[in-house]
Amino acid sequence: MISIFDIFKIGLGPSSSHTVGPMKAAADFAARLCASPEKTQVARVAIEVYGSLALTGRGHGTFDALMLGLEGSAPDTVELSKIPQRMARIYHQGQLFLNGEVEIHFEASRDISTRYQEVLPKHPNGLRFLAYDHAEHCLAAEIYYSIGGGFIVTDEQFGLPESAPVPVPFPFRNADELLRMCTRENQSIAQIVMANEIALSGEDEASVRYRVRRLADAMIDCVQRGLHSTGKVLPGGLNVRRRAPALAQKMLNLRIADRVNTHLWPLVFAMAVNEENAAGGRVVTAPTNGASGVIPAVMTYFRYFHPYASNQGVEDFLLTAGAIGILYKTNASISGADVGCQGEVGVACSMAAGAFSAVSGGTPTQVENAAEMAMEHLLGLTCDPVGGLVQIPCIERNGIAAESAIRFAALSLLEDGHDKKVSLDEVIRTMLQTGRDMKDTYKETALAGLAATLKQKPITVSVKVVEC
């Protein structure tokens, strides 16, 4: 069993697979290198960037993340205010401190090579690290894959099960097993997950709940930073303006005028988070950075507007959402480069819908139904951000998914969830197959769809096409 703390991780924007993952991979390679006998012989480190990472890396900050990782930085602890100064040192002086210990000369234009037309065999997000001595003899080499949501594996680890998994009281491989456990134990999904988290962590319930609250606080802090940001334009060159602060003010003005539009708050909350993400701010992968606004938005809406809102409700929201995320991570994919945005925003919407149903009084079966409906209507969602930046349509898309999650949760509460034709397990399998069938140009490669609108030629429409 993986933990919900594998699904939810505090990191930085703009991308879990293209920023967080590469930073972690670089840090892991640097740490291994500095723990080896070759440490004192290292003169140069080279990185080969493949496939989707190469094609959209510049817009996702991949190359800066790699250099920060080589210096030993981690996504959840790196000091954001010091990043510009550090990058200036590396770019202008060529001075890089490997794992924070060994000074080497690093030239980004020479030592980071982008293999746009090449893909490593096991995943679209591939990296190869190589270390050389002064005579240019290779001292060490390793391939890493950034497989979505900030998860990384080496070439050797890819596809292997966890070594010596920690036994948990309620192991489940799919939604059907999870629902049967809930029925047998007469417990909610959140209670089942809590028991497993206690076993996985070796901590007591109070300690686990503290960690869950820390995630919730980080999400809400991100919402608030986004709503009150004084920044005007997002980085990246598209000159996309921040909209959440002005929209939030307009919403407050409507409330003062007794023209309340609370149903728009989830959209604005999500946009606030994703604008922070696009600016390289601190966010929580949920389950990815590109989809990091959906769950915080719905959770914040629950906290501020729901009649059942409570601190435990917020915790149960994340425990339930985490369980659904585990199902997708275990049985399909949460990587936009692997299965398109259905694996990111689609999964986040499914997680949020199920969680909102649960904290609104839904039974486990109703929770499963809400999660299934949410994904069912986002199947085939492509990952084609304009200019390779996590801005258009990602920011608005998170808002729309947050609103949809709440509506699917409300719908699930009007029925018992038993008389349905498609289960959550079936829709997860369908999502994976849809991703496998999807053309690679629509999976975070910036080669087609909206990503190509800035350079797209007119499409000829045949008058012979039968309209339906």
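Placed above this text is the structure.
A separate point is the overall build of the protein. Helices and strands together make up the secondary structure of the protein, namely 18 helices and 9 strands. Taken over C-alpha atoms, the radius of gyration comes to 22 Å for the protein, in line with the 23 Å a tight globule of 468 residues would show. Along the first, second and third principal axes, the C-alpha set of the protein runs to 70 × 55 × 50 Å. Going through the 468 residues of the protein one by one, you find that 55% of them count as buried. Of the contacts made within the protein by residues no fewer than 6 positions apart, 75% connect residues no fewer than 24 positions apart. Total accessible area on the protein is roughly 20500 Å²; 52% of this is exposed by carbon and sulfur atoms.

Moving on, we come to the packing of aromatic side chains. Here a ring pair, both rings aromatic, is described through the centre-centre distance and the interplanar angle of the planes. Under the definition given, this model contains 8 aromatic pairs. Relative to F269, the ring of W265 lies with its centre 5.3 Å away and its plane at 25°, an arrangement referred to as stacked. Placement of the pair is W265 and F269 together in helix α11 (residues 265-278), with a separation of 4 residues, close to one helical turn. Grouping residues by exposure puts W265 and F269 together as buried. Residues Y301 and F305 carry aromatic rings whose centres are separated by 5.2 Å and whose planes lie at 40° to one another, so their mutual orientation is tilted. With Y301 and F305 both in helix α12 (residues 294-305), this residue pair falls 4 residues apart, about one helical turn. Take Y301: its relative accessible area is 16%, and that puts it in the buried class. Grouped by ring-pair contacts, the aromatic residues Y301, F302, F305 and F356 constitute a single cluster. Here the guanidinium or amino end of K329 rests over the ring plane of F151, the centre of that ring lying 4.4 Å away.

Our focus in this paragraph is the packing of α11 against helix α17 (residues 394-412). Where α11 contacts α17, the two axes come as close as 8 Å, and the packing angle between them is 145°. The crossing of α11 and α17 is right-handed. Residues P266, L267, A270, M271, N274 and E275 of α11 lie in contact with α17, whose contacting residues are I395, N398, G399, I400, A402, E403 and I406. Residues that form the contact of α11 with α17 fall into these classes: 8 nonpolar, 3 polar and 2 charged.

This part is about the sheet that holds strand β8 (residues 151-154). Taken together, the 5 strands give an open sheet; going across it, the order is β5-β2-β6-β7-β8, and neighbouring strands pair in mixed fashion. Each edge of the open sheet carries a strand with a single partner, namely β5 (112-115) and β8. Recorded for the sheet is a direction-independent mean angle of 25° between the axes of neighbouring strands. Inspection of the sheet shows strand β6 (residues 126-132) paired to strand β7 (residues 138-148) by 7 bridges, in the antiparallel sense. Paired with G126 across the bridge in β7 is Y145. Sitting on the sheet, helix α4 (residues 62-70) is in contact with β2 (44-50), β5 and β6, with an inclination near 145° to β2.

Okay, the nonpolar core next. Ranked by size, the top nonpolar core spans 102 residues in total, and within it F8, I295, F317, L318 and Y328 carry the most contacts. Contacts of F317, omitting those with residues within four sequence positions, involve I295, V298, M299, A352, A355, F356 and V359. Judged by nonpolar contacts, the second largest core, of 35 residues, contains A25, C34, L68 and Y144.

Calculation rules
Residues numbered from 1 in each chain as written. Predicted model: local features only at pLDDT ≥ 70, side-chain atom pairs only at ≥ 80, totals over all residues. Heavy atoms only, no water. Helix = DSSP H or I, 4+ residues; strand = E, 2+ residues; numbered from the N terminus. Rg over C-alpha atoms; globule rule 2.2 N^0.38 Å. Buried < 20%, exposed > 50% of the residue type's maximum accessible area, 1.4 Å probe, protein only. Contact = heavy atoms within 4.5 Å. Areas by Shrake-Rupley, 256 points an atom, 1.4 Å probe, with all protein chains shown as cover. Phe/Tyr/Trp six-rings, centres within 6.5 Å; stacked < 30°, edge-to-face > 60°. Lys NZ or Arg CZ within 6 Å of the ring centre and 35° of its normal. Axes fitted to C-alpha atoms, helices over the stretch in contact; angles between N-to-C directions. Left-handed = near helix turned anticlockwise from the far one by under 90°. Nonpolar A, V, L, I, M, F, W, Y, C, P; charged D, E, K, R; others polar. Pairing = 2+ DSSP bridges. Core = buried A, V, L, I, M, F, W, Y, C linked by side-chain atoms within 4.5 Å.

Honestly, it's all geometry; don't read function into it.
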